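If you want the building blocks of each chain, they are given just below.
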Amino acid sequence: MSDENDKNPENDPQLAGKIKDSARQIWLAGLGAYNKAEEDTGRFFDRLVQEGEQLENKTRGVVEKQIRSVEDRVEGVRDRATGTWDRLEHLFDDRVSGALRRLGIPSREDVEALEGRIEALEAELSVLSDSNGRDEEE
């Protein structure tokens, strides 16, 4: 029976040592692979960050250029619209003024001219009434 037990692989000390060594090597290979993956992941992450920054810089320039282009076009449209509104306002004023003139309603300038004439007449009346008052006193 002892011959059979000696041939049994479970009782072979060399085989057990080889299995232990193999298990240790597998374990160490796993740790090495994990460490390598961690290092590569860090470098890979850093590379992704760099590429992202480069892409951001490229797209920022393009986006800023597009924004400037749109702002320039908006400014042009705004200028044309303002000019159009100014012309429309002037045309409207002319037409309203013409309609009021045809109806016999005086313009602002007419009213201001009349106010000036009234002030001048009031000043003359004041001078005349002052001189009449002196003539009667004498």
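To be clear, the structure that these remarks concern was listed above.
Quick summary incoming for the structure in this document.

Reading guide: rules and limits
- Residues numbered from 1 in each chain as written.
- Predicted model: local features only at pLDDT ≥ 70, side-chain atom pairs only at ≥ 80, totals over all residues.
- Heavy atoms only, no water.
- Salt bridge = Lys/Arg side-chain N within 4 Å of Asp/Glu carboxyl O.
- Helix = DSSP H or I, 4+ residues; strand = E, 2+ residues; numbered from the N terminus.
- Buried < 20%, exposed > 50% of the residue type's maximum accessible area, 1.4 Å probe, protein only.
- Expected span 1.5 Å × (residues − 1).
- Patch = residues over 30% accessible without salt bridge, like charges linked within 9 Å, V, L, I, M, F, W, Y side chains within 5 Å.
- Areas by Shrake-Rupley, 256 points an atom, 1.4 Å probe, with all protein chains shown as cover.
- Lys, Arg positive; Asp, Glu negative; His and termini not counted.
- Charge placed at Lys NZ, Arg CZ, Asp CG, Glu CD.

Observations concerning the pattern of salt bridges
Applying the stated rule across the entire model yields three salt bridges. Here Arg47 makes a salt bridge to Glu51, at a shortest N to O gap of 3.7 Å. With Arg47 and Glu51 both in helix H2 (residues 13–102) and four residues apart, the pair spans about one turn of that helix. Residue class for Arg47 comes out partly exposed when judged on its relative accessible area of 45%. A salt bridge links Glu75 to Arg78, with the shortest nitrogen-to-oxygen separation between them at 2.8 Å. Within this pair, Glu75 and its partner Arg78 are both found in helix H2, separated by three residues, close to a single helical turn. With relative accessibility at 36%, the residue Glu75 sits in the partly exposed group. By relative accessible area, which is 46% here, Arg78 ends up partly exposed.

What about H2?
The terminal C-alpha atoms of H2, which comprises 90 residues, lie 128 Å apart, in line with the 134 Å expected from a rise of 1.5 Å per residue. Where H2 ends, the next residue or the one after it, Gly104, has phi of about 85 degrees, a positive value.

Observations regarding a negative patch on the surface
A grouping of Glu109, Asp110, Glu112, Glu115, Glu119 and Glu122 is seen on the molecular surface, where their side chains present a negatively charged patch. By the secondary structure assignment, Glu122 is in helix H3 (residues 108–137).

Keep in mind these values describe shape, not function.
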